Amino acid sequence: MNKKIEKILYLPNPRGFCAGVERAINIVELSLEKYGPPIYVRHEIVHNPWVVKDLENKGVIFVDELNDIPKDARVIFSAHGVSSSVKEEAKEKKMSYIDATCPLVLKVHIEAKRHFENGAHIFLIGHKGHPEVDGTMGQIPSQSITLIENINDIKRLNISEFNKVALITQTTLSVDDTAKLIRALKKKFPTLIEPPREDICYATTNRQAAVKSIAKKCDAIYVIGGENSSNSIRLVEVASQSGCKNTFLISEIKSINWDEMKHFKTIGLTASASAPEILVDEFLSLFKNKFQVKIEKSVIADENISFKIPRELRE
Ligand code: SF4
């Protein structure tokens, strides 16, 4: 006789590490191998506590600013990117640095500089205080770029103050929320110059589409990801906006409330672009120990993107 199925677990793909995160972690690990510890990293290399702890155990020291690093040390810049002034500071201090900025963030930096050189004022849709936003804003003089976080920021813009205007965005935003802001900006500024290709990256877009595809079927969705991670927080929001009533951001598997889970029959599980698959495996193994489970896998997009690591680490 078949055992009764207590839970259905929806496991959509793509989920977990993106190409930019894999590259950044690879850069740190290869630097450790080539140069030996300690290796300094300015800011968390990616926003995930498991990844950060794992690298700390291997000899990485994470710092907030270059002043926290000895003068002759080697430093890596995180996947989120840094402003031009940070690179200049490193050069002045004669530090050797390796830039682990995701190439898709660098693409946005290049767009910002190009618009600035072409005399456009730039609207950046993003979240204040996020290191990627700080890094992007720091590519050009501050008076040439305005951060747009919400619809009120757009309402406050005075049309007569701007002549030529261009748009760039953070790479890890909600696709739907950003589309609304872009529509409002275009209504106010019909000549707004848009990015040739979306700035929200493929990994963000695919992970949001994947979680959206299961949201209505799930009593609860668990998103594995760091609490300070933009793409993780957006996945939770997208799950909830797409029809799932109970959504949880899980930064550590030990923080899961398994008793609460007993009330949910259909459960979704995903992981953000900075969360390692090992945490999904850990969740699954505990989950299968506690419940009788039927797993429903789905794939909404194939990903075969990878980024080259810097030459000095390839040699
Ligand atoms: S989420 Fe996108 S922009 Fe960020 S590191 Fe991954 S691929 Fe790059």
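To start, this report covers the structure provided alongside it. This one's a predicted model, so the numbers in the text were calculated from it and none came from an experiment.

**Structural notes on the layout of surface pockets**
Argument step 1. Volume-wise, the largest pocket comes out at about 200 Å³.
Argument step 2. What lines the largest pocket is Leu104, Lys107, Arg197, Glu198, Asp199, Ile200, Cys201, Tyr202, Ile305 and Phe307.
Argument step 3. In this structure, the second largest pocket occupies an estimated 160 Å³ of space.
Argument step 4. Lining the second largest pocket we find 13 residues, and of these Arg42, His43, Glu65, Pro131 and Asp134 sit closest to its centre.

**Details of the sheet that holds strand S5 (residues 96-99)**
Argument step 1. What the 4 strands build is an open sheet, ordered S3-S2-S4-S5; its pairing is parallel. Of all the strands in the sheet, the pair left with one neighbour each is strand S3 (60-63) and S5. In this sheet, neighbouring strand axes are inclined to one another by 30 degrees on average, regardless of whether the strands run parallel or antiparallel.
Argument step 2. Summarising the sheet, strand S4 (residues 74-77) and S5 pair through 4 bridges and their orientation is parallel. Its bridge partner lying in S5, Ile76 is registered against Ile98.

**Concerning the packing of aromatic side chains**
Argument step 1. According to the stated counting rule, one finds 10 aromatic pairs in the structure shown.
Argument step 2. Aromatic side chains Phe162 and Phe189 sit 5.8 Å apart centroid to centroid with 85 degrees between the ring planes, which places their arrangement in the edge-to-face category. Placement of Phe162 in the loop between helix H6 (151-156) and strand S8 (165-169) and of Phe189 in the loop between helix H7 (175-188) and helix H8 (202-215) is noted, with a sequence separation of 27 residues between them.
Argument step 3. Overall, the relative accessible area of 15% leaves Phe162 in the buried class.
Argument step 4. A relative accessible area of 5% means that Phe189 is categorised as buried.

Reading the values: the criteria
Residues numbered from 1 in each chain as written. Predicted model: local features only at pLDDT ≥ 70, side-chain atom pairs only at ≥ 80, totals over all residues. Heavy atoms only, no water. 1 Å grid on protein atoms, 1.4 Å probe; cavity = no way out; pocket = protein on both sides within 12 Å on 5 of 7 lines; lining within 4 Å. Points joined across faces, edges and corners; volume = space filled by probe spheres on them. Pairing = 2+ DSSP bridges. Helix = DSSP H or I, 4+ residues; strand = E, 2+ residues; numbered from the N terminus. Axes fitted to C-alpha atoms, helices over the stretch in contact; angles between N-to-C directions. Phe/Tyr/Trp six-rings, centres within 6.5 Å; stacked < 30°, edge-to-face > 60°. Buried < 20%, exposed > 50% of the residue type's maximum accessible area, 1.4 Å probe, protein only.

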